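Tertiary structure, described
The residues making up each chain are set out below.
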Amino acid sequence: MFGVHVPLGAPCLLWRDMMIITRRVTITVTVAVSALMFSGLSTGAEQQSDEPPEMGFFLTSVGIGDGGNLGGLAGADAHCQALADAAGGGGRTWRAYLSTQGTNAVDARDRIGSGPWANAEGLVVATSVENLHYDNSNFNWEHTLDENGAQVASRIDGDPDFTEHDALTGSQIDGTAFPAGEDQTCHNWTSNDEGSARVGHADRYSFTTPGSPWNSSHGTPGCTQENLVSVGGAGLLYCFATD
C-alpha cells in the first residue's frame, strides 16, 4: 500500500508548530483587545475634558429685599448659598463679594477663593483674583448670569428706562475696602435706612462711562430698598465659590 511517510519526530514538529501558531493568535488578540480598551479610555477622557466646568460664579437672581441690610456678611453669604443650593450648585461653599469698613475691615477680594470661576453656562469669567480685577473682559451683560443662567435686566436689551444692573459690593475697583469715614457699605450691611452702598454695574453699562466697572461704579443715595431701586438696583449680589 501506498502511504505518507512520516519521519520520526514529526508529531513533535507538528505540536511545536501548533504551539507557535496558538501563541501568535493569542498575542494578536491581546494586542487588539488592548488597542480597543485604550481607544475606549481615550474617548472617555476626551468626553470628560469636553464637559464644561461647574458653576463658580453668579449674580443673584433676587436680592434679600431689605435694602442695604443683608444681615452682615453672614446673611449675604447665606443668601448666596441658598440660591446656589436651589440651582444645583450646593456642593460648593459660596460667599458674597462684599467688603466692610472700619475696625477689622474685610476686602471682598480676600473672601472669594482663588478661582477659576465659571458662570452657569460653563464659561470661565475669571481665572484668578488678579485676572478678576485687572482683565475682566468676560464680566459683561452677556456673561454675567444669575444662578439659573439668566441675564440681568438691562437697558442694553430691554426697556431703556428700566434696569437692575447694580450689584452691591462696598468695594474699590481693586476689590479692597474703602477707608473708614464716608459710608460705602450701609453700615457694614446692617442698615436699611441711613448710609450708602457702593455698587458695580453687572452689565458694564453707564450713560456717561462706557465699560463702567463691574464692582465699583457709584454709591446709592441711601440704604432703603427704594433708594437702591431708584438708581438701577434691586439689592443683587455677586456670589463666588471659594472651593
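One can find the structure itself at the top, above this paragraph.
Residues numbered from 1 in each chain as written. Predicted model: local features only at pLDDT ≥ 70, side-chain atom pairs only at ≥ 80, totals over all residues. Heavy atoms only, no water.

Quick word on the nonpolar core
Core analysis: the largest hydrophobic core is formed by 21 residues, its most contacted members being Phe58, Leu70, Trp94, Leu98, Leu168, Trp189 and Leu237. Put simply, the parts of the chain that give this core at least two residues each are α2 (72–86), β2 (94–96), α4 (186–189) and β8 (233–241). Contacts of leucine 237, omitting those with residues within four sequence positions, involve Phe58, Leu59, Thr60, Leu70, Ala76, His79, Ala96, Leu98 and Leu168. Within the second largest apolar cluster, 20 residues are counted, among which are Trp117, Ala126, Trp141 and Tyr238. (Core = buried A, V, L, I, M, F, W, Y, C linked by side-chain atoms within 4.5 Å. Buried < 20%, exposed > 50% of the residue type's maximum accessible area, 1.4 Å probe, protein only. Helix = DSSP H or I, 4+ residues; strand = E, 2+ residues; numbered from the N terminus. Contact = heavy atoms within 4.5 Å.)

A few points about the pairing of strand β6 (residues 198–201)
Of the two faces of β6, both are covered, the one formed by Arg198 and Gly200 as well as the one formed by Val199 and His201. Alignment of strand β5 (residues 166–168) against β6, held across three bridges, turns out to be antiparallel. Across the sheet, the residue bridging to leucine 168 is valine 199, located in β6. Where β6 and strand β7 (residues 218–219) come together, two bridges link them in antiparallel fashion. Looking at β7, one finds that valine 199 is bridged to histidine 218. (Pairing = 2+ DSSP bridges.)

What about unusual backbone geometry?
Cis geometry is adopted by the peptide bond preceding proline 116, which originates at glycine 115 and carries an omega value of 0°. Residue position: proline 116 is located in the loop between β2 and β3 (117–118). With a phi angle near 45°, cysteine 186 is a residue other than glycine that sits in the positive phi range. Looking at the element boundaries, cysteine 186 is found in helix α4. Residues other than glycine seldom take positive phi values, yet tryptophan 189 does so here, at roughly 65°. Along the polypeptide, tryptophan 189 turns up in helix α4. On the basis of relative accessible area, tryptophan 189 is assigned to the buried category, the value being 0%.

Describing the state of the cysteines
Applying the stated rule across the entire model yields two disulfides. What pairs with cysteine 80 in a disulfide is cysteine 239, and their sulfur atoms sit 2.0 Å apart. Taking the torsion about the sulfur-sulfur bond, which here is approximately -75°, the covalent link between cysteine 80 and cysteine 239 counts as left-handed. With cysteine 80 in helix α2 and cysteine 239 in strand β8, this residue pair connects regions lying 159 residues apart in the sequence. Of the residues examined, cysteine 80 reaches a relative accessible area of 0% and is grouped as buried. According to the relative accessible area criterion, cysteine 239 is buried, its value standing at 0%. The disulfide partner of cysteine 186 is cysteine 223, and the gap between their sulfur atoms is 2.1 Å. Judged by the sign of its S-S torsion, about -100°, the cystine formed by cysteine 186 and cysteine 223 is left-handed. A residue pair is termed long-range when its members are at least 10 positions apart, and cysteine 186 in helix α4 and cysteine 223 in the loop between β7 and α5 (225–230) qualify at 37 residues. With respect to burial, cysteine 186 and cysteine 223 carry one shared label: buried. For the protein, the disulfide bridges join cysteines in the arrangement 1-4, 2-3, where the cysteines are counted in sequence order. (Disulfide = S-S within 2.5 Å.)

Looking at the environment of aspartate 183
Of note, aspartate 183 is situated in the loop between β5 and α4. Distance in space between the C-alpha atoms of aspartate 183 and glycine 222 is 10.0 Å, their sequence separation being 39 residues. With near-sequence residues (within four places) excluded, aspartate 183 lies in contact with Gln101, Glu194, Gly195 and Ser196. Within polar-contact distance, the side chain of aspartate 183 engages the backbone nitrogen of threonine 185 at 3.0 Å. Here serine 196 takes part through its backbone nitrogen, which lies 3.2 Å from a polar atom of the side chain of aspartate 183. (Polar contact = N/O pair within 3.5 Å; in protein donor to acceptor, adjacent residues only side chain to side chain.)

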